[in-house]
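# Reading the structure
The lines below spell out each chain.
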Amino acid sequence: MNTRILKPGAAALTEAAALIRAGSLVGMPTETVYGLAANALDPDAVRAIYEAKGRPGDNPLIVHIADRSQLDALISGAPSPAAQRLMDACWPGPLTLIFPKSEAVPMRTTGGLDTVAVRMPSHPVARALIAESGLPLAAPSGNRSGRPSPTTAAHMLEDMNGRIPLILDGGPCGVGVESTVLDVTGPVPRVLRPGGVSPECVREICGACEVDGAVMRPLREGETARSPGMKYRHYAPSGSLTIYRGGAEAASAAIRAAYDRAEAAGERPLILALEANLPRYGSRRTRSLGRDAGEAAQRIFAALREADELRAEAILSEAVDTGGIGLAVMNRLGRAAAFHIEEV
Ligand code: AMP
Ligand code: MG
């Protein structure tokens with residue numbers, strides 16, 4: 001199959017919507033990352049998503065809608081008052097809510113769970129594709145399973161070339177990490193995966209918010225993943241990644257020492273550092289994570305892909321503060337590093 005990349009004009013959107021209605025897959029930009037979209041209500045189309053990604057069948061998909069009127073058919077019962085407030089405040093945007101699912105949503109879409117994850121993206125191309133196809137779209141990140149999520153059409157092509165007919169190129173993604181996944185089925189909203197909507201923000205809207213323990217550590221022996229995606233290796237580059245957490249002075253000193261040790265051992269090292277700290281590393285090979293956690297979110301997946309392109313064997317990364325979107329950056333970095341974090 002030849003994978004085409006098209007700018008999302010009217011003709012491309014009409015073609016993409018026709019592909020979706022015919023049960024095919026389409027790469028679409030969202031404000032978080034690029035998604036691999038298909039009709040969420042068609043089990044065969046959904047099966048094709050799992051196949052194209054090489055995704056385990058028990059890792060559920062997020063269903064994307066463009067209008068609140070699409071929600072009722074997907075969920076069972078009315079949204080709770082807390083869910084209503086969150087939708088009012090954060091939709092469209094990078095917040096996914098977990099609801100009890102309706103009969104209409106196939107078990108294959110929810111990875112066998114009786115709940116469904118729903119999000120209303122703000123990206124105009126994603127919204128136009130949902131509206132034009134007239135369907136809710138299951139759309140996981142458009143990477144092959146285990147790889148960093150794509151934040152440009154070119155990244156998505158790297159992983160999906162020959163596997164899908166079309167990718168709509170909406171330019172680089174604004175947020176850069178996947179949506180916050182928030183379980184609103186219990187008494188207190190619970191972050192299962194951090195993203196663009198922070199726990200602080202949920203707390204402001206609902207008065208309370210818990211963060212699942214597995215967000216910043218590996219699952220424990222025998223622990224059930226509330227968010228099934230948490231149990232799989234994800235985002236990992238080929239080289240070994242270590243995160244150094246501590247003051248800027250101490251972290252950069254530890255990173256310099258590790259870099260020099262790796263080089264002396266004949267390995268190819270690479271440093272990921274915040275812009276302001278780059279001078280601390282002199283002429284060592286670095287990639288900038290940007291000026292703050294927001295820019296780090298936009299760059300993190302591209303940086304991990306670049307580490308592979310450079311064939312970096314020892315990747316040494318600074319930590320970012322975990323306030324706001326920083327928690328999402330540290331969750332992705334942590335998982336890419338199998339939570340190999342050195343406190344310095
Ligand atoms: P991705 O599509 O790559 O952004 O991954 C979606 C993530 O949402 C998965 O890793 C799941 O862990 C999570 N998710 C989707 N549906 C549910 C659900 N019904 N309950 C809990 N987590 C979910
Ligand atoms: Mg993903």
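Residues numbered from 1 in each chain as written. Chains lettered and ligands numbered in written order. Predicted model: local features only at pLDDT ≥ 70, side-chain atom pairs only at ≥ 80, totals over all residues. Heavy atoms only, no water.

## Let's talk about the sheet that holds strand β8 (residues 166-168)
Neighbouring strands of a sheet are bound in pairs by backbone hydrogen bonds; such pairs are parallel or else antiparallel. Heads up, the condition is: Here, any two strands with at least 2 DSSP bridges between them count as paired. Strands here are runs of E lasting at least two residues and helices are runs of H or I lasting at least four, both read from the DSSP assignment and numbered beginning at the N terminus.
Taken in spatial order, the 11 strands of this open sheet run β1-β8-β2-β3-β7-β4-β6-β5-β9-β10-β11, and their pairing is mixed. Of all strands in the sheet, those bounded by a partner on one side alone are β1 (4-6) and β11 (210-211). Pairing of strand β4 (residues 62-64) with strand β6 (residues 115-119), which is carried by 3 bridges, proceeds in the parallel orientation. Paired with I62 across the bridge in β6 is A117.

## Brief notes about the sheet that holds strand β13 (residues 269-273)
Test applied: Here, axes are lines fitted to C-alpha atoms. For helices the fit covers the stretch in contact, and angles between N-to-C directions go from 0 to 180 degrees. Any two residues whose heavy atoms approach within 4.5 Å at even a single point are treated as in contact.
Spatially, the 5 strands line up as an open sheet ordered β14-β13-β15-β12-β16, and their pairing is parallel. Whereas interior strands pair on both sides, the edge strands pair on one side only; in this sheet they are β14 (286-288) and β16 (341-343). Within the sheet, the average angular offset between the axes of one strand and its neighbour, ignoring direction, is 25 degrees. Bridging between β13 and β14 involves 3 bridges; their strand directions are parallel. The residue of β14 that forms the bridge with I271 is T286. Across the sheet, helix α8 (residues 293-309) touches β12 (240-245), β13, β14 and β15 (314-318), and the angle it forms with β13 is around 170 degrees.

## Description of the packing of helix α1 (residues 10-21) against helix α4 (residues 124-133)
Selection rule: Put simply, angles under 35 degrees are roughly parallel, angles over 145 are roughly antiparallel, angles from 65 to 115 are roughly perpendicular, and the rest are oblique. Left-handed is the label given to a crossing in which the near helix is rotated counterclockwise from the far helix by less than a right angle, and right-handed is the label when the rotation is clockwise. Put simply, Ala, Val, Leu, Ile, Met, Phe, Trp, Tyr, Cys and Pro go in the nonpolar bin, Asp, Glu, Lys and Arg in the charged bin, and everything else, Gly too, in the polar bin.
At their nearest, the axes of α1 and α4 sit 9 Å apart, and the two run at 55 degrees to each other. With respect to each other, α1 and α4 are oriented oblique. Seen from above, α1 lies across α4 with right-handed handedness. When α1 is examined against α4, the residues L13, T14, A16, A17, I20 and R21 are found in contact with a partner set consisting of V125, A128, L129, E132 and S133. Of the residues assigned to the contact of α1 with α4, the class counts are 7 nonpolar, 2 polar and 2 charged.

## A short note on the nonpolar core
Threshold: Buried residues of nine kinds, namely Ala, Val, Leu, Ile, Met, Phe, Trp, Tyr and Cys, make up a nonpolar core once their side-chain atoms join them within 4.5 Å. Partly exposed describes any residue whose relative accessible area lies between the buried limit of under 20% and the exposed limit of over 50%, with all areas from a 1.4 Å probe on protein chains only and scaled to the type maximum.
Counting 44 residues, the largest nonpolar core has L86, W91, L97, F99 and L182 as the members making the most contacts within it. Listing elements by their share of this core, those giving two or more residues are β3 (35-39), α2 (43-53), α3 (81-90), β5 (95-100), β6, α5 (153-160) and α6 (199-206). Residues within four places of W91 in sequence aside, it is in contact with I65, R68, L71, L86, L97, V118, R119 and M120.

## Quick word on the pattern of salt bridges
Put simply, the rule reads: Here, a salt bridge means any Lys or Arg side-chain nitrogen found within 4 Å of an Asp or Glu carboxyl oxygen.
The final tally for this structure, using the stated rule, is 20 salt bridges. With a shortest N-O distance of 3.3 Å, R68 and D88 are connected by a salt bridge. Taken together, the residues span a long stretch of sequence, with R68 in the loop between β4 and α3 and D88 in helix α3 at a distance of 20 residues. A residue is classified by how much of its surface remains accessible, and R68, at 31% relative accessible area, is partly exposed. Between E158 and R305 there is a salt bridge, and its shortest N-O distance comes to 2.8 Å. Pair noted here: E158 is in helix α5 and R305 is in helix α8, with a separation of 147 residues, a long-range link. A relative accessible area of 45% places E158 in the partly exposed class. The buried category is assigned to R305, whose relative accessible area is 2%. One salt-bridge network, in which partners are shared between bridges, spans R147, E158, D159, R305 and D308.

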